[in-house]
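Summary of the model geometry
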Amino acid sequence: MTQSKPLKTESILPVPDQDALFQSQKLIECIKAALQKQGGAISFDEYMKLALYEPGLGYYSAGSRKFGSDGDFVTAPELSPIFSQCLARQCEQVLNELGTGNILELGAGTGAMARDILLELEKQNSLPDKYLILEVSADLKQRQQDNLKETIPHLLDRVTWLDTLPVEGVSGVVLANEVLDALPVKRFKKTSTGFKEMKVGLGDNQFIWVGSDAEDKLLKSLEGLENDLAAPFPENYISEINTQLEQWLSGLEKVLYRGVMIFIDYGYSTAEYYHPERMDGSLLCHYRHRVHADPFYNPGLQDITSSANFTAVAESADAVGLHVSGYTNQTYFLFGCGLEELLADMNQLDIKAQTKIAQQVRILTMPEEMGERFKVMALTKKYDNALKGFALMDQRVRL
Ligand SMILES: C[S@@+](CC[C@H](N)C(=O)[O-])C[C@H]1O[C@@H](n2cnc3c(N)ncnc32)[C@H](O)[C@@H]1O
């Protein structure tokens with residue numbers, strides 16, 4: 001997502017219309033029921049799961065626009081087809097070296113990335129046998145189908161939508177752009193008496209944070225994490241941790257018969273993620289292109305994200321038998337995949353079109369925009385070739 005500085009919620013956010021507020025209220029009732037069932041408080045990952053994915057009500061499951069200028073945020077594939085064209089060049093390398101194969105995209109948003117990757121691979125004569133899309137949101141699945149039917153009808157027979165990971169396995173490439181940041185996380189606080197889990201409770205008819213003793217499994221993870229840091233967490237330090245990552249990657253590892261997984265997301269290494277100066281964690285919410293840090297604001301109407309911890313992704317990958325084959329920032333990755341050649345091909349376009357593309361490339365690659373904040377990680381299985389996206393710079397030593 002392109003991003004600006006977090007705001008204070010009350011002051012600046014646009015007021016949703018009555019229908020949207022009604023929808024949010026239904027989700028609030030659903031979350032309250034979950035709270036009641038569990039003695040008054042639920043873990044934040046459960047809250048996040050309900051707020052984003054509760055069927056028919058959650059942010060990703062219900063029908064709000066989400067992506068684009070009239071939505072809540074813009075992702076790289078929405079910003080410019082060049083992003084997906086570069087990614088297609090990476091897929092092309094893997095598919096050609098494997099001889100054949102499929103692409104599996106996780107969480108395909110509006111379908112923009114699938115469309116532009118398929119068009120680029122068609123141009124390069126390297127189409128995958130199948131382009132599988134695993135989409136947990138029924139609303140987005142419908143939008144992807146409408147989009148691809150309209151824009152690439154001649155390639156539609158290669159696209160298959162899945163509700164769960166494919167049983168028969170994939171040889172080829174697994175892609176996930178801005179999916180890691182949408183995975184539910186737990187929240188914790190380091191206090192003078194140790195770690196507390198920050199759960200979600202109810203106070204004065206509003207959701208509030210409730211500190212409770214961290215259960216054994218979470219406590220072990222947090223103590224292990226703290227041991228890996230240069231210094232213990234300072235008192236009152238708040239942050240997030242994804243305790244489901246290994247299990248999630250293990251599911252993907254079982255599905256990948258041979259090939260490469262590429263994760264692109266805004267994120268850091270463990271040392272950067274839990275830097276002492278990042279006292280309030282990385283939780284961010286997106287509503288109509290405003291960014292703020294209150295996940296309890298109109299649940300169901302806004303996106304809730306937390307940055308990816310790429311060291312944790314690498315460690316979990318290692319634990320489930322995947323090899324970490326590359327880690328770099330978005331700029332190096334795009335240039336490694338051939339951004340410069342793609343731009344050179346656009347020389348024939350008129351000046352207006354070239355200016356537009358130059359602006360898009362600036363947002364994709366400038367360090368203060370998406371270029372440095374976004375990282376790319378490749379995990380491989382039974383695939384030893386060097387990947388072109390990491391040829392210019394591989395920063396695995398930073399993990
Ligand atoms: C921020 S959107 C990114 C969409 C798209 N990749 C893009 O870049 O425009 C997050 C996406 O992740 C999907 N998602 C969330 N959890 C998922 C999971 N466990 N498996 C697959 N997709 C998931 C959501 O449904 C949504 O499509």
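The text that follows walks through the structure, step by step, so that each part is easy to find. Computed from a predicted model, the values in this text were never measured in an experiment. Residue positions are given per chain, counting from 1 as you read along its sequence in written order. In keeping with the predicted nature of the model, local features appear solely for residues at pLDDT of at least 70, side-chain atom pairs appear and are counted solely at 80 or more, and the whole-chain, interface and lining totals rest on all residues. Values reported for side chains reflect all heavy atoms of the structure, with hydrogen atoms and water molecules removed beforehand.

Details of the overall build of the protein
Helix numbering and strand numbering both begin at the N terminus, where a helix is a DSSP run of H or I of at least 4 residues and a strand a DSSP run of E of at least 2. Counting secondary structure elements, the protein contains 15 helices and 16 strands. Throughout, radius of gyration means the C-alpha value; the globule benchmark is 2.2 Å times the number of residues raised to the power 0.38. Relative to the globule expectation of 21 Å for 399 residues, the C-alpha radius of gyration of the protein, 21 Å, shows essentially globular dimensions. Dimensions along the principal axes, computed over C-alpha positions, put the protein at roughly 60 × 50 × 40 Å. A simple rule labels every residue: compare its accessible area, found with a 1.4 Å probe on the protein chains alone, to the largest value its type can have, and call it buried under 20%, exposed over 50%, or partly exposed in between. Buried positions account for 56% of the 399 residues belonging to the protein. Only heavy atoms matter for contacts: two residues are in contact if any of them lie within 4.5 Å across the pair. Counting contacts in the protein only where the partners sit at least 6 residues apart, residues at least 24 apart contribute 78% of the total. Where accessible areas are quoted, they stem from the Shrake-Rupley method and a 1.4 Å probe; at the residue level, only the protein chains shown are allowed to cover. Carbon and sulfur atoms provide 51% of the accessible area of the protein, an area that totals close to 17700 Å². Just so you know, the count uses Lys and Arg for positive and Asp and Glu for negative, and it drops His and the chain ends. Where a charge sits is defined by one atom per residue type, namely NZ (Lys), CZ (Arg), CG (Asp) or CD (Glu). For the protein, the centre of its 39 positive side-chain charges and the centre of its 55 negative side-chain charges are spaced 1 Å apart.

Quick look at the packing of aromatic side chains
Ring pairs are drawn from Phe, Tyr and Trp, using the six-membered ring of Trp, whenever the two centres fall within 6.5 Å, and their geometry is named by plane angle: stacked under 30 degrees, edge-to-face over 60, tilted for the rest. Overall, the coordinates contain 22 aromatic pairs when judged by the stated rule. On the basis of an interplanar angle of 75° and a centroid distance of 5.7 Å, the ring pair of Y47 and F207 is categorised as edge-to-face. Within this pair, whereas Y47 is found in helix α3 (residues 44-53), its partner F207 is found in strand β8 (residues 206-213), the two being separated by 160 residues in sequence. One exposure class covers both Y47 and F207, and it is buried. With 5.8 Å between their ring centres and 65° between their planes, Y287 and Y297 make a pair best called edge-to-face. Note that Y287 is positioned in strand β11 (residues 284-287) and Y297 in the loop between β12 (290-292) and β13 (303-305), a separation of 10 residues in sequence. In terms of burial, Y287 and Y297 fall into one category: buried. Taken together, the aromatic side chains of F188, F195, F233, Y237, Y268, Y273 and Y274 make up a single cluster linked through ring pairs.

Topic: helix α12 (residues 330-337)
Of all eight residues making up α12, six are buried, and the element is well covered by its neighbours. Buried residues of α12: Q330, T331, F333, L334, G336 and C337, and no others. Two residues or fewer after α12 comes G338, characterised by a positive phi angle close to 115°.

Focus on the nonpolar core
Residues belong to one nonpolar core when they are buried, are Ala, Val, Leu, Ile, Met, Phe, Trp, Tyr or Cys, and are joined through side-chain atoms within 4.5 Å. L87, I103, I117, Y131 and L175 are the most contacted members of the largest nonpolar core, which has 49 residues in total. With nine residues, the top contributor of residues to this core is helix α5 (residues 81-98). Core analysis: the next-biggest nonpolar cluster, separate from the first, contains 29 residues, L162, L252, V255 and L379 among them.

Focus on the site of the ligand
In this text, near means that some heavy atom of the residue lies within 4 Å of the molecule or strand in question. Among the 17 residues in the neighbourhood of the ligand, the closest are listed as Y53, T75, G107, E135 and N177. Any pair of nitrogen or oxygen atoms within 3.5 Å is treated as a polar contact; in protein, a donor-acceptor pairing is required on top of that, and neighbouring residues in sequence qualify only through side-chain atoms on both sides. A distance of 3.4 Å separates a nitrogen atom of the ligand from a polar side-chain atom of Y53. Measuring from a nitrogen atom of the ligand, one finds a backbone N or O atom of G107 at 2.7 Å. Coverage of the ligand by the protein amounts to 94% of the 600 Å² it exposes when considered alone. Note on residue classes: Ala, Val, Leu, Ile, Met, Phe, Trp, Tyr, Cys and Pro are nonpolar, Asp, Glu, Lys and Arg are charged, and everything else, Gly too, is polar. Classifying every residue of the shell around the ligand by side-chain character gives 11 nonpolar, four polar and two charged.

A short note on the pairing of β11
Residues of β11 alternate between two faces, with L284 and H286 on one and C285 and Y287 on the opposite face, all of them buried. Pairs of strands are assigned from DSSP output, requiring at least two bridges between the strands. Sheet analysis places β11 next to β13, joined by three bridges and oriented antiparallel. Opposite C285, over in β13, you have I304 as the bridge partner. The pairing of β11 with β12 spans three bridges and is antiparallel. Each bridged residue has a counterpart across the sheet, and for Y287 the counterpart in β12 is R290. Between β11 and β12, which pair antiparallel and follow one another directly, the connecting turn spans two residues, one of which, R288, has a positive phi of 45°.

Examining the side chain of S239
Its location among the elements puts S239 in strand β9 (residues 237-241). Setting aside its immediate chain neighbours within four residues, S239 contacts K186, R187, F188, Y273, Y274 and G281.

Structural notes on the pairing of β9
Among the five residues in β9, five count as buried, and that is most of the element. Every second residue of β9 is oriented toward a common face, with Y237, S239 and I241 on one face and I238 and E240 on the other, all of them buried. Here five bridges tie strand β6 (residues 186-191) to β9, and the two strands are oriented antiparallel to one another. In the sheet register, F188 faces β9, and the bridge partner there is S239.

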